[in-house]
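The lines below spell out each chain.
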Amino acid sequence: MKYISTRGGIAPISFKQAVMMGLATDGGLLLPVSIPEISAETLTQWRGLSYPELATAVLSCFIDDIPPNDLRNLVEKSYSTFNHREITPLVKQGDCYILELFHGPTLAFKDVALQFLGNVFEYLLKESGGKMNIVGATSGDTGSAAIYGVRGKERINIFILHPYKRVSPIQELQMTTVTDANVFNIAVRGTFDDGQSIVKSIFNDLPFKDKHQLGAVNSINWARIVAQVVYYIYAALKVTGSEGVEKVDFSVPTGNFGDIFAGYVARRMLPNHIRNLILATNENNLLTRFILNGDYSLGPVAQTSSPSMDIQVASNFERYLYYLNGEDAVMTRQDMDRFAASGSLQFDELAQERVRADFASRSVNEAETIDIIRDFYTLHGYVLDPHTAVGVKAGLAGREEGVPMICLATAHPAKFGAAVRRAIGHEPDIPSSLAALTDKETRCEVMAAEIGAVQSFVEQHAL
Ligand SMILES: *Cc1c(COP(=O)(O)O)cnc(C)c1O
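About the thresholds
Position numbers for residues count from 1 along each chain, tracking the sequence in the order it is written. Two thresholds apply to this predicted model, a pLDDT of at least 70 for residue-level local features and 80 or more for giving and counting side-chain atom pairs, whereas whole-chain, interface and lining totals are computed over all residues. Computation of side-chain values: all heavy atoms of the structure, hydrogens and water removed. Being near a molecule or strand, for a residue, comes down to having at least one heavy atom within 4 Å of it. In protein, a polar contact means a hydrogen-donor-capable atom and an acceptor-capable atom, both N or O and within 3.5 Å, with residues adjacent in sequence counting only if both atoms are side-chain atoms; elsewhere, any N or O pair within 3.5 Å suffices. Computed by Shrake-Rupley with a 1.4 Å probe, the accessible areas treat only the displayed protein chains as cover when residues are assessed. By nonpolar core is meant a set of buried Ala, Val, Leu, Ile, Met, Phe, Trp, Tyr and Cys residues that side-chain atoms within 4.5 Å join together. Think of it in three bands: with a 1.4 Å probe and only protein chains considered, a residue is buried below 20% of the maximum accessible area for its type, exposed above 50%, and partly exposed in between. A run of H or I in DSSP counts as a helix once it spans at least four residues, and a run of E counts as a strand once it spans at least two, with each numbered from the N terminus. Contacts: residue pairs with any heavy atoms within 4.5 Å of one another. Classification of ring pairs rests on two measures: the distance between centres of Phe, Tyr or Trp rings, Trp counted by its six-membered ring, which must be within 6.5 Å, and the angle between planes, read as stacked under 30 degrees, edge-to-face over 60 and tilted in between. A ring is scored as having a charge over it whenever the NZ atom of a lysine or the CZ atom of an arginine sits within 6 Å of its centre and within 35 degrees of its normal. We define a salt bridge as a side-chain nitrogen of Lys or Arg found within 4 Å of a carboxyl oxygen belonging to Asp or Glu. Two strands are counted as paired when DSSP detects at least two bridges linking them. Each axis is a line fitted through C-alpha atoms, and for a helix only the stretch in contact is used; angles between axes span 0 to 180 degrees, taken between their N-to-C directions.

(A) Looking closely at the site of the ligand. The local shell around the ligand holds 15 residues, among which K110, G255, N256, D259 and T410 are the closest. S308 is positioned with one of its side-chain polar atoms (N or O) 3.4 Å from an oxygen atom of the ligand. The separation between a nitrogen atom of the ligand and a polar side-chain atom of T410 is 2.8 Å. Protein contact buries 96% of the 380 Å² of open area that the ligand shows by itself.

Next up, the structure:
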């Protein structure tokens, strides 16, 4: 399988090259030249597979330059860190299914992709004899998943900036208790935006970037998307095929359009088994406005109880835009240039019809989020985290009789205990892995929010 850019500016490259490139060199995002539709015979074979076996089969559709045995080993290694034997178990709760994606080491769904990405990086660097220094900023959640993705790996060091004392105690501990020699936590005396802008400046220093082989683990890496396609197929195959059920719907709490885009890819592979994709947003409703009214324009960022979705620019949107534009890279480049200049794109009636054929959407406000956590707990005794709650609210509202609704559960509720307490009056049970963190040794460098200080720290500790 070859990969191309949504902006048409690169010659087709292999999967391995696509993983190492991350963002396409022409500023676009990388996509496979085609998305295979899976035959009925193949699906019959896939039905009986375990999660790692299915993951290997699905990934093989997009990866032909890693030998099958090696790919299987990478997959098995990636999911051996999960604490549930089904990896992503599906539980029925009343009128919907909950697809629990939070059984990885940091108890959030980003582990599904980042455990795999970390292993792929290590494998490719070993092969090429190269090295990588990952530098990133986090507001709390992605940082720990990235750290756990590469902790202890050879040829990789990781530097993660977080705002000093401005992340939750659990988030801080999840990062700073990782004391592997290749992990460097940097607490910056400032805000998340300060950290983000320091990282940007470091990446803009091109000689520095080249010298230290700086790398990123943000959500635009194709390896992350493809790892997420797997659980849609896994869940769809579990629910269909018995009792006359042919198709399922999914509801997906969305920020960067990454997870929902993986659902879009999964549906193109299984068009007869996946029907509606509901894109659920919190009060940051850019993507809901796009789907319902063809209005993709920036607004201010609101702080909500589902902070991992408090996003305005959806970094994976361009991938869908490319398909919406009929795989026209010139048009996609023009659209993205226009968006960069004006912060807004407006879509005509025809495009809107196509978008609404691809996605349904609903924006869920703070009161509704807290209410659904409470109601769901009262009815089923099951605690939703606030991100999952946004998806469940939208999913239950968009459900149709006879079509199972699968809601993606993207974080363990214990990670967002304060919001849960507001809804049900007490904090959820803390899993033992989180409780154990308080007794662990921590390591973290506290620093002024100055580019110079951070950059020289990276320089000193880079591979
Ligand atoms: C990142 C994240 C999301 C949003 O995922 P996208 O791929 O950005 O749409 C939802 N819930 C949680 C808990 C997250 O960490």
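(B) The nonpolar core, seen in detail. Counting 112 residues, the largest nonpolar core has F116 and F250 as the members making the most contacts within it. Counting residues per element, this core draws most heavily on helix α10 (residues 222-239), at 15 residues. Those residues in contact with F250, other than ones at most four positions away along the chain, are Y232, A235, A236, I274, N276, L277, I278, M405, I406 and L408. If you look at the next biggest cluster of nonpolar residues, it comprises 24 residues, including M309, I373, L384 and I424.

(C) Structural view of the packing of aromatic side chains. Per the counting criterion, the structure on display carries 28 aromatic pairs. Seen in terms of ring centroids, F290 and Y296 are 6.0 Å apart; in terms of plane orientation they differ by 80 degrees. Their pairing is edge-to-face. We note that F290, like Y296, is buried. Ring centres 6.2 Å apart and planes at 75 degrees place the aromatic pair F376 and Y382 in the edge-to-face group. Across this residue pair, the class does not change: F376 and Y382 are buried. A connected cluster of aromatic rings, assembled from ring pairs, spans F257, F261, Y264, F290, Y296, F317, Y320, Y322, Y323, F339, F347 and F359. Stacked on the ring of Y323, the Lys or Arg R268 has its end atom at 4.6 Å from the ring centre. When the ring centre of F184 is taken as origin, the NZ or CZ atom of R443, which lies over that ring, is 5.8 Å away.

(D) View of the pattern of salt bridges. Following the criterion strictly, the structure yields 19 salt bridges and no others. Its salt-bridge partner being D358, residue R267 comes within 3.6 Å of it at the nearest N-O pair. With a gap of 91 residues between them, R267 in helix α11 (residues 258-269) and D358 in helix α15 (residues 349-358) connect regions that are remote in the sequence. Residues R267 and D358 agree in their burial class; the two are buried. Here R338 makes a salt bridge to D335, at a shortest N to O gap of 2.6 Å. Taken as a pair, R338 and D335 lie in helix α14 (residues 329-342) at a separation of three residues, close to a single helical turn. By relative accessible area, which is 43% here, R338 ends up partly exposed.

(E) Structural context of the sheet that holds strand β3 (residues 90-93). Judged by pairing direction, the sheet is mixed, and its six strands sit side by side in the order β3-β4-β14-β9-β10-β13 without closing on themselves. Since the sheet does not close on itself, it has two edges, and those belong to β3 and β13 (360-363), each with one partner. Across the sheet, the mean angle separating the axes of adjacent strands is 25 degrees when strand polarity is ignored. Along the sheet, helix α12 (residues 286-293) contacts β10 (274-281) and β13; its crossing angle with β13, the most-contacted strand, is approximately 135 degrees.

(F) Looking closely at the environment of V226. The topology assignment puts V226 in helix α10. V226 gets classed as buried once you look at its relative accessible area, which sits at 0%. Spatially, the C-alpha atoms of V226 and A329 are 21 Å apart, while their sequence positions differ by 103 residues. Residues in contact with V226, not counting those within four places in the same chain, are L59 and F62.

(G) Spotlight on helix α6 (residues 141-150). Summarising burial for α6: nine of the ten residues are buried, a large majority. Buried within α6 we find D141, G143, S144, A145, A146, I147, Y148, G149 and V150. Close packing links the buried residues of α6 with α5 (110-128), β5 (132-137), β6 (156-163), α7 (169-176) and β7 (183-189). At the C-terminal side of α6, G152 shows a positive phi close to 75 degrees.

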